[in-house]
Each structure stands twice: as C-alpha cells, then as structure tokens.
Number of protein chains: 2
Amino acid sequence: MPVQIKISEETFTPRQQAVLTAALDLLVENGDGLTMTAVARRASCSKETLYKWFGDRDGLLTATVQWQAAKVRMPTVDRSHLSAKVLRESLEQFARDLLTTIVGEVSITLNRTAITHAAQEKDSLGNIVLENGPLAIRRRLKPILEAARDARLLRFNSSEDAYRTFFGLVVRDVQIRLLLGDKALTQSNVEANIEADVKAATDQFLALYGAKANI
Amino acid sequence: MPVQIKISEETFTPRQQAVLTAALDLLVENGDGLTMTAVARRASCSKETLYKWFGDRDGLLTATVQWQAAKVRMPTVDRSHLSAKVLRESLEQFARDLLTTIVGEVSITLNRTAITHAAQEKDSLGNIVLENGPLAIRRRLKPILEAARDARLLRFNSSEDAYRTFFGLVVRDVQIRLLLGDKALTQSNVEANIEADVKAATDQFLALYGAKANI
DNA sequence: CCGCTGGCGTACCGTACGGTACGGTTCCGC
DNA sequence: GCGGAACCGTACCGTACGGTACGCCAGCGG
C-alpha cells in the first residue's frame, strides 16, 4: 500500500507555512543541523508552539518535507494529440524538469534528509520523497509511453522497463554524485549542460524505443 | 585534485580490523546509531583505545568506510585482445559487479552514511565513496571503451558521455530507491533480476554506441 | 474593563553521547 | 622477576538537544 499523501486536506496556515519555510531554509543551509531551538528562533515562534503544531521533531521534519515535495510539478501532456513531435517534446520536458529538480539545492537537501532518515528504521520521509520524486514521474510518464505505443510511436514490451531506461538515461550518475557532495559537479556547471543532456537523453531513448520513423 | 587514497600504506593491524568490522556491523544493523560506546562494547575494547587509534568519531567512521570501500574490486580486462565478444562480456561483467555492489546492504549503508556526512559540511566520506564507487568504475571503464573505439567496435565522441550513459542504463532508479528505503525493492527481489538487467543494459548500450556489426 | 485564549520568550529538566581519566590486568623485553 | 607499555573496563564530565513548564503580552468577545 502506498503512502497516503494528503496535502490537499491537511492545509497549513500561512503562519505554519512560514515556520516550514524557516525549517527548510535551515535544512538547506545547515545540513541536518536542524534543531527545534534553531527553527523557533528563525521563525520567531516558541518551541512550545512547534510541539503543539507538529507533535515532535519528526513531525516537523515530515511536514516540511511533505509540504515542499508536493510543490514539485510534473508536465501535463495531452495524450489525445500524440504525434512524434509532441512525444519528443513531452519527453524533453520530462527530462528537463527531472534534471532541473534533481540539481536544485532543495532537492538535494530533501533527498539527503530522507536518506539519513531511512538509515534509521524510519522510512516515512523516504516514502514521501519517493512518492513525489521517482514514483511521481513514473505515474505521469507511463501513460504517455503507453499512449505512444498505441499510436505506434514507440515499441516496447514493458512500460516499466521503458520508464526506468528513460530515468537512467536522464539522471545517469548526476544525482548520486551530487548527493555524495562531488565538488567536480557544481550546480551551475551541471545547469549549463541541462539542455544538451536533455536532448541527448531523449535522442537515446527514442533510438532505443522509437519506431524507426521517429529516430 | 582527487582525494588521496592511501590504503596500501596505511595498513590496519588485525585487531584494528576487528574493531572496524565491529563498527561496520553496527553501522549496517543500526543505521547511523554508531556510538563510540557501542563500538567499544561490540569490539571488546576500551573507548580510550578507539580515540588513541582513530582520533575521534569521524576518524573511526572514515577509517571504517575507507577500509571497506577499498574492498570493492573491479573486473580487469585485457585490452589487447578486444573482440566484440570480449567487449560484450566485459561490459556485462562491469554491469553485474556494479549492480551486485549497489544492491548489497553494505553498499547501501556506506552510501547512506556518506550522504548523511555530506549533509553537514563534511565531504571526506562522500569523496571516499565516490572515489571507490562511480569514479572507480569510470577509471576502469573508460580505457576499455576507448580501446573498443580504436578497434572500431564502438563509436562515440566523448568517452565521458559513453561511460555515463552506461552507468545510467545499468543503475537506472535502483540505487536512489534503495537509498530512500523503497520497500517495493527488496534486496532478493532485485538480485533475482540482476542477470536480466545486466543483459538488457548491455544490449541497450551496444545498440546506442556499437558499430552495427556488434548489435 | 475583564477574563480568556493563542502564542512568544525563556528557563529548566533529563538524557544521550563524545571525549577523558584512572585503576587494574596482561604481556613483553630485559 | 621486574618495569613499562598497551589495553580493557568503567566511572566521570561537559554539552547539546529534545521536550516541558511557566510567565508574559496582545487581541478579542462580552
């Protein structure tokens, strides 16, 4: 059973969002040096309020990650007008969004935090990030791939494999190297190459899965 | 300048290796609940000895990761007898080793620890894991790819791009999902598919970069 | 004007853990 | 056999931080 994501119903008040913003900022700046005292001071609120609103430190962390992760937006594609051109542009848009997100400091911080969390028995943060990261992409991309197959634009047996190949072609070793703090991969350095990488990944994906007319 | 890896000169005594083993075991079992007291108790040594040998907690952690990461062995390929068959087998061997390593609990733990570490200003662990993970593969794979290009078995402009594509095709979303604790990806579950994934990734890589005779 | 509620600031408590000190024991060179 | 080094076990210290309690003020309904 997948994790219940209930952003819509569980709305935060503006004041609470300010607190969450402060928490996220601290997380991004300070690594995991996120202490309740620091958040309270940054947000100009009392620790008692934090505990009242979020229960405990984990609750604050979860709320922060959940609130931020839900902000990631996926491109929407009209499946009814699928042509080779539209398909390519859609794939490029997915690749661009994916790369742009992954490279961002917020994403790096959230993934690091969730991974740190997963290193203990806790997996809630990992699930949230998964659900709003790789799995969200999978959910959005698979129908498009299948529609493209139906339109004879792509050929594959398993849409799952096709999605994962696309993911691999786009992300490559960028994410793990960023998470590990590879200094050879500065953010600006990677950002400058996003367009070229997007194009290359799409070309490669279409070369592998496209009907020959679309290569 | 890359990180200096000096395992060979900086040899640990058997007793010290036993301590490092205990530390690694605790790391794998307990997530990052690695306390000096726990290591001392597990290894039946005194905390004073730990501090004497490793300086501080970070030193112990670094020694553990470094010692373990250096154990990863890469396949060696004879570049002089490169045929299409040998190339394919070499690529499959790389893919197999990479996947097998990534899936292992030790690798997951080490990567998580290094990423947690990188979330603070510390990047030493990240560098060690990088150097013995992705970058080690790059170092070993690139010469082979270039030799294959010289032998007209592969075609590409940038061996860097070729390596990164190979990495992406092999790893896909497996590593990040494992790091995030995706329960849909049990270790045994993934292990069962390694052979098929290895073959698929190699096929795809050769389809993209192989001279047509080798597809 | 009064009392109540929500929230700020701060002081406080308990605990976990990094790091140190010290007494006791084993082992090795002499 | 003896002195010393290495090391074990444990008690101890300081601090950082999660979590709680309390005093205070502002706003607001009556």
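Scroll up to find the structure.
Just so it is clear, the structure is predicted and the values come from calculations on it, not from any experiment. (Residues numbered from 1 in each chain as written. Chains lettered and ligands numbered in written order. Predicted model: local features only at pLDDT ≥ 70, side-chain atom pairs only at ≥ 80, totals over all residues. Heavy atoms only, no water.)

1. Quick look at the interface of chain B and chain A
Basically, it comes down to this: Residues are treated as being in contact if the distance between any of their heavy atoms lies within 4.5 Å. Accessible area that two parts lose when put together, evaluated with a 1.4 Å probe and summed over both, is termed the buried area. When a carboxyl oxygen of Asp or Glu is within 4 Å of a side-chain nitrogen of Lys or Arg, the pair counts as a salt bridge. A run of H or I in DSSP becomes a helix once it reaches four residues, and a run of E becomes a strand once it reaches two; helices and strands are each numbered from the N terminus. Amino acids are sorted into nonpolar (Ala, Val, Leu, Ile, Met, Phe, Trp, Tyr, Cys and Pro), charged (Asp, Glu, Lys and Arg) and polar (every other residue, Gly among them).
Contact with chain B, which involves 41 residues of that partner, is made by 41 residues of chain A. Between chain B and chain A lies a buried interface of about 3600 Å² when both sides are counted; carbon and sulfur atoms form 59% of it. It is Arg164(B), Arg172(B) and Leu180(B) in chain B that bury the most area against chain A; as a group they hold 20% of the surface buried on that side. In this structure, the connection of chain B to chain A is made through six salt bridges. For Arg164(A), the salt bridge goes to Asp173(B), with nearest N and O atoms at 3.0 Å. At the level of elements, α6 (105-119), α7 (124-132), α8 (134-150), α9 (159-171), α10 (174-179) and α12 (194-209) of chain B are the ones that each hand at least two residues to the side of chain B that touches chain A. Per element, the largest residue contribution to the side of chain B that touches chain A is eight residues, and it comes from α9(B). A breakdown of the residues in the side of chain B that touches chain A according to their chemical character gives 18 nonpolar, eleven polar and twelve charged.

2. Considerations on the protein's contact with DNA strand D
Rules: We call a residue near a given molecule or strand whenever any one of its heavy atoms falls within 4 Å of it. For the purposes of these results, a polar contact is taken to be a pair of N or O atoms within 3.5 Å, where, inside protein, one atom must be able to donate a hydrogen and its partner to accept one; residues adjacent in sequence count only when each atom of the pair is a side-chain atom.
Surveying the vicinity of DNA strand D reveals 15 residues, the closest of which are Lys47(A), Glu48(A), Tyr51(A), Arg15(B) and Thr49(B). Sugar plus phosphate: this is where 54% of the atoms of DNA strand D within 4 Å of the protein reside. Between DNA strand D and Glu48(A) there is a distance of 2.2 Å, counted from a base nitrogen to a side-chain nitrogen or oxygen. Contact between DNA strand D and Ser46(B): a phosphate oxygen at 3.3 Å from a main-chain N or O atom of the residue. Counting residues per element, the ones that place at least two in the surface near DNA strand D are α3 (47-54) of chain A together with α3 (47-54) of chain B.

3. Details of empty space enclosed by the protein
Operational definition: Using only the protein atoms, space was sampled on a 1 Å grid; points where a 1.4 Å probe fits but cannot get out form cavities, open sets with protein on both sides within 12 Å along at least five of seven lines form pockets, and lining residues are those with an atom within 4 Å of a point. Grid points are joined across faces, edges and corners, and a volume is the space filled by probe spheres set on the points.
All chains considered together, the criterion is met by one cavity of 30 Å³ or more. Approximately 100 Å³ is the volume attributed to the largest cavity. The wall of the largest cavity is formed by Phe167(A), Val171(A), Arg172(A), Gln175(A), Ile176(A), Leu179(A), Phe167(B), Val171(B), Arg172(B), Gln175(B) and Ile176(B). Of all the elements in the fold, those that place two or more residues in the lining of the largest cavity are α9 (159-171) and α10 (174-179) of chain A together with α9 and α10 of chain B. For the lining of the largest cavity, the element with the highest residue contribution is α10(A), accounting for three residues. When the residues that make up the lining of the largest cavity are grouped by side-chain class, the tally is seven nonpolar, two polar and two charged.

4. Re the relation of the copies chain B and chain A
In this structure, two copies of a chain are linked by a rotation about an axis accompanied by a shift along it. Note the following rule: For this overlay, a least-squares fit was computed on C-alpha atoms, restricted to residues scoring pLDDT of at least 70 in both copies.
Mapping chain B onto chain A calls for a screw motion: a turn of 180 degrees about the axis and a shift of 0.0 Å along it, with 0.0 Å RMSD after fitting. A rotation of that kind, with that shift, is consistent with a two-fold axis. The position closest to the rotation axis in chain B is occupied by the C-alpha of Gly168(B), lying 2.1 Å away. An overlap of 100% is found between the interface residues of chain B and their copies at the interface of chain A, pointing to a shared contact surface.

5. A closer look at the protein's contact with DNA strand C
With respect to spatial proximity, 15 residues lie near DNA strand C, and among them Arg15(A), Ser46(A), Lys47(B), Glu48(B) and Arg57(B) are the closest. The sugar-phosphate share of atoms of DNA strand C within 4 Å of the protein amounts to 52%. Measuring from a phosphate oxygen of DNA strand C, one finds a side-chain N or O atom of Arg15(A) at 2.9 Å. The contact in question runs from a phosphate oxygen of DNA strand C to an N or O atom on the backbone of Met36(B), over 3.0 Å. Listed by contribution, the elements that provide at least two residues to the surface near DNA strand C are α3 of chain A together with α3 of chain B.

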